[in-house]
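Working through the structure, step by step
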Amino acid sequence: MVRFIQTSDWQIGMKGGGLGEAGPIVREIRIESIHNVLKFAQEKEVDFVLLCGDIFEHNMTGQEDVKKVVTIFNKYPDIPLYLLPGNHDILGPDCVYNRPIFQRVNHLTILRTSDSVEVTGAILHPCPLLSTFTTQDLTETIPVVSEVDGIHIGVAHGSLIGKSPVPNWEEIDLPINPSCVVRTGIDYLALGHWHSHRTFEDSTGIARIAYSGTHEQTNYGEDNAGHCLLVQIDGKGDAPKIVPIKTGQLTWVSMEFEMKDSSSLIELEKYFESIKGIDMVRLVLHGELPLESKEELDNILEFQTTLHKNLRVKLDSLNITVPPSLEAPPDFGDPTLNQTEIHLKQLLANEIDPRKRRIIIEALTHLQRFGKGIEV
Ligand SMILES: [Mn+2]
């Protein structure tokens, strides 16, 4: 029997670009969450941990980040670690794992060649990636093992051909042929590269191929991310038992919201109430909102930024409507302000470029605040 943890795509050193002020928080949490993987491995007394690539964001990752990861490795000295580099931390002269610090981590083995490696309970068949432009099936170096004793585990980093959620992407990106399991007779193929946890069943309904996905979600748009896998195979040919274990700490939500009129703001507040515990929020607003409600929308969104680690709001497809009765503007008690508002509203009524409309709307919002005596 063999029991191990499968993990991948830690992407340590990731900038978290596009996450704004949350970038540094996300970077730190990615490092912290490694503990969730290795602590679980220790508790379950697994035979080893299999790291399936992209542990670092790139081979030039800062030494401070490298030291943080090695520090964590050293807290779990009894767990053998087998690490196959991916495309981000690709093998070669500049490979991050060539740095001297890794040579002294006794319980860490970097899988650099396709030579099989005997480990506690199983035989590993690594499929090292040597070029990010490879078009050949990465698993073709795995030998036929159907007649060879022991539990055989393939380890690779790439895209399972024909199974990608992104159409046509799998044709070009580090191809892995799912039929390699049948061809070679391996018991299990452990994969990295995709950030979502996925398992793939063969024609008999047994899942022998799985991505753990990243241990901590990296961005909006990833589903089923933030896990490692506990994999148990009782004997050669037996169906692997694959259990996803939650390791991610951050919660993410990506949501589209349709605005109809000013009453939609009440709905929006209700929606925010329902997601108040979520760390990372991306919201796309569609539909229409009258100009006089824009300020209230801004207030709601500003307050929400204080409740979440990250709030990204896309307003590009929200149409701010101007009331047709331009002839009766609110009286600011100042003819210049009144004239300016009429002028801006006329500009807006004639403008179709969404970017320019947004600028005019911003100007109008500021004007209205100023006119009402609110400091801007
Ligand atoms: Mn990758």
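Keep in mind that this is a model prediction, so the values were computed, not measured. (Residues numbered from 1 in each chain as written. Predicted model: local features only at pLDDT ≥ 70, side-chain atom pairs only at ≥ 80, totals over all residues.)

Attention now moves to the overall build of the protein. Of regular secondary structure, the protein possesses 9 helices and 18 strands. For 376 residues, the compact-globule estimate of 2.2 N^0.38 gives 21 Å, and the protein exceeds it by more than 25% at 27 Å. Structurally, the protein occupies a C-alpha span of about 90 × 45 × 35 Å along its principal axes. Across the 376 residues in the protein, those meeting the buried criterion constitute 36%. In the protein, the share of contacts with a sequence separation of at least 24, taken over all contacts with a separation of at least 6, comes to 70%. (Helix = DSSP H or I, 4+ residues; strand = E, 2+ residues; numbered from the N terminus. Rg over C-alpha atoms; globule rule 2.2 N^0.38 Å. Buried ≥ 20, exposed ≤ 12 C-beta atoms within 10 Å, placed from the backbone. Contact = placed C-beta atoms within 7 Å.)

Okay, the domain arrangement of the protein next. For interface size, the figure often reported is the accessible area lost on association. Assigned domains within the protein: domain 1 (2-246) and domain 2 (252-371). The straight-line distance from the C-alpha centre of domain 1 to that of domain 2 is 45 Å. Listed as interface residues are 7 residues of domain 1 and, on the opposing side, 6 residues of domain 2. Of the residues assigned to the side of domain 1 that touches domain 2, the class counts are 4 nonpolar, 3 polar and no charged. (Domains from an automatic or database assignment. Nonpolar A, V, L, I, M, F, W, Y, C, P; charged D, E, K, R; others polar.)

What the 6 strands build is an open sheet, ordered β4-β3-β2-β1-β13-β14; its pairing is mixed. The open sheet is flanked by β4 (108-110) and β14 (241-246), the only strands paired with a single partner. Sheet twist, expressed as the mean angle between neighbouring strand axes with direction ignored, is 25°. Bridging between strand β1 (residues 2-7) and strand β2 (residues 48-51) involves 4 bridges; their strand directions are parallel. Counterpart to Thr7 in the pairing with β2 is Leu51. Packed onto the sheet, helix α2 (residues 34-43) meets β1, β2, β13 (227-233) and β14 and runs at close to 175° relative to β1. (Pairing = 2+ DSSP bridges. Axes fitted to C-alpha atoms, helices over the stretch in contact; angles between N-to-C directions.)

So, about the sheet that holds strand β6 (residues 122-126). Read from one edge of the open sheet, 6 strands run β5-β6-β7-β10-β12-β11, paired in mixed fashion. Of all the strands in the sheet, the pair left with one neighbour each is β5 (117-119) and β11 (198-201). When the angles between neighbouring strand axes are averaged without regard to direction, this sheet yields 25°. Across 4 bridges, the pairing between β6 and strand β7 (residues 152-157) is parallel. Pairing of Leu124 across the sheet is with Ile153, part of β7.

For the rest of this paragraph, the subject is the environment of Gly92. Looking at the element boundaries, Gly92 is found in the loop between β3 (81-83) and α4 (100-103). Residue class for Gly92 comes out exposed when judged on the 12 C-beta atoms lying within 10 Å of it. Expressed as a C-alpha distance, the spacing of Gly92 and Gln6, which sit 86 residues apart in the sequence, is 24 Å.

Now for the nonpolar core. Val49, Leu50, Val155 and Leu191 are the most contacted members of the largest nonpolar core, which has 59 residues in total. Here Leu50 is in contact with Phe4, Ile5, Gln6, Tyr82, Val155 and Ala190, once residues within four sequence places are set aside. Leu19, Leu250, Leu283 and Leu311 belong to the second largest nonpolar core, which has 19 residues in total. (Core = buried A, V, L, I, M, F, W, Y, C linked by C-beta atoms within 7 Å.)

Attention now moves to the packing of helix α6 (residues 264-274) against helix α7 (residues 291-304). Between α6 and α7, whose axes approach to 11 Å, the crossing angle comes to 5°. Judged by the angle between their axes, α6 and α7 are roughly parallel. Residues Leu265, Leu268, Glu269 and Phe272 of α6 lie in contact with α7, whose contacting residues are Ser293, Glu296, Leu297, Ile300 and Gln304. Grouping the constituent residues of the contact of α6 with α7 by class yields 5 nonpolar, 2 polar and 2 charged. (Parallel < 35°, antiparallel > 145°, perpendicular 65-115°, else oblique.)

Bringing α2 into the picture now. Within α2 the residues assigned to the buried category are Ile34, Asn36, Val37, Leu38 and Ala41. Positive backbone phi, approximately 50°, marks Glu45, located one or two places after α2.

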